[in-house]
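This is what each chain is made of:
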Amino acid sequence: MATSLKNLSDYDPQSVPNASELSIGIVVAEWNMDVNTLLLQGAIEALKKHGVKDNNIIVNYVPGSFELTYGARVMSENYDVDAVIVIGTVIQGETPHFTYICQSVSYGMTELNLSCDIPFIFGLLTVNTKEQAMDRAGGKYGNKGVEAAITAIKMALYN
Ligand code: DLZ
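To keep things clear, this report deals only with the structure shown in the data block. (Residues numbered from 1 in each chain as written. Predicted model: local features only at pLDDT ≥ 70, side-chain atom pairs only at ≥ 80, totals over all residues. Heavy atoms only, no water.)

Here we look at the overall build of the protein chain
From N to C terminus, the protein chain includes five helices and six strands. Ordering the α and β elements of the protein chain from the N terminus gives β-α-β-α-β-α-β-α-β-β-α. The C-alpha radius of gyration of the protein chain comes to 14 Å, within 12% of the 15 Å expected for a compact globule of 159 residues. Each principal axis of the C-alpha distribution contributes one length, and for the protein chain these read about 40 × 30 × 25 Å. (Helix = DSSP H or I, 4+ residues; strand = E, 2+ residues; numbered from the N terminus. Rg over C-alpha atoms; globule rule 2.2 N^0.38 Å.)

Quick look at the structure:
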């Protein structure tokens, strides 16, 4: 797996623009909440580190990853946000739904990116085991939530 070759949270802080004027929405799936809580913490810490104000970080929840696309669209319609991050964890070993859910979220995010005026950031862990998920939620491969937050800042200021 490509992401096992590097720490996901390795990035040059100097390369991240100042984000103090940004508002960022985060939609979190409640399925595998133990992992998602760690991803969310990583994302919020990274946003704040680069200047996003506490009250400009809006967090909403949906039941599972399949609902992330709808949650992200509603977030973009109901709040004045500059980017939306979706956070979820789909574990292959636990569900035959794996492929369908991952493809659905991937397709949904692409659709939103094509049809809306703000970027939607894919913070979905798609792994084989819970251990692999924890490795990417603050474990030995960093925190995918941090990566999603940095991507959101860069894309919100993209022109
Ligand atoms: C049903 C289901 C299964 C089996 N596995 C996961 C999972 O690993 N991660 C996740 O975020 N959600 C899972 N879900 C729930 C679906 O995403 C969705 O909430 C339900 O199918 C209802 O639409």
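A closer look at the environment of Thr-151
Structurally, Thr-151 can be placed in helix 5 (residues 144-156). Each C-alpha atom of the pair Thr-151 and Asp-135 lies 20 Å from the other, and the pair is 16 residues apart in sequence.

Focus: the pairing of strand 3 (residues 83-91)
Burial of strand 3 is extensive: nine of the nine residues sit out of reach of the surface. Because side chains alternate across strand 3, one face comprises the buried residues Ala-83, Ile-85, Ile-87, Thr-89 and Ile-91, and the other comprises Val-84, Val-86, Gly-88 and Val-90, equally buried. Relative to strand 3, strand 1 (residues 24-29) runs parallel, the two being bridged by five bridges. In the sheet register, Gly-25 faces strand 3, and the bridge partner there is Val-84. (Buried < 20%, exposed > 50% of the residue type's maximum accessible area, 1.4 Å probe, protein only. Pairing = 2+ DSSP bridges.)

Digging into the side chain of Asn-143
Counting through the fold element by element, Asn-143 comes out in strand 6 (residues 142-143). The exposure class of Asn-143 is buried, given its relative accessible area of 9%. Reaching out from Asn-143, the side chain makes a polar contact with the backbone nitrogen of Gly-145 at a distance of 2.7 Å. Look past the residues within four positions of Asn-143 in its chain and what remains in contact with it is Ser-9, Leu-38, Leu-39, Gly-42, Arg-136, Ala-137 and Gly-138. (Polar contact = N/O pair within 3.5 Å; in protein donor to acceptor, adjacent residues only side chain to side chain. Contact = heavy atoms within 4.5 Å.)

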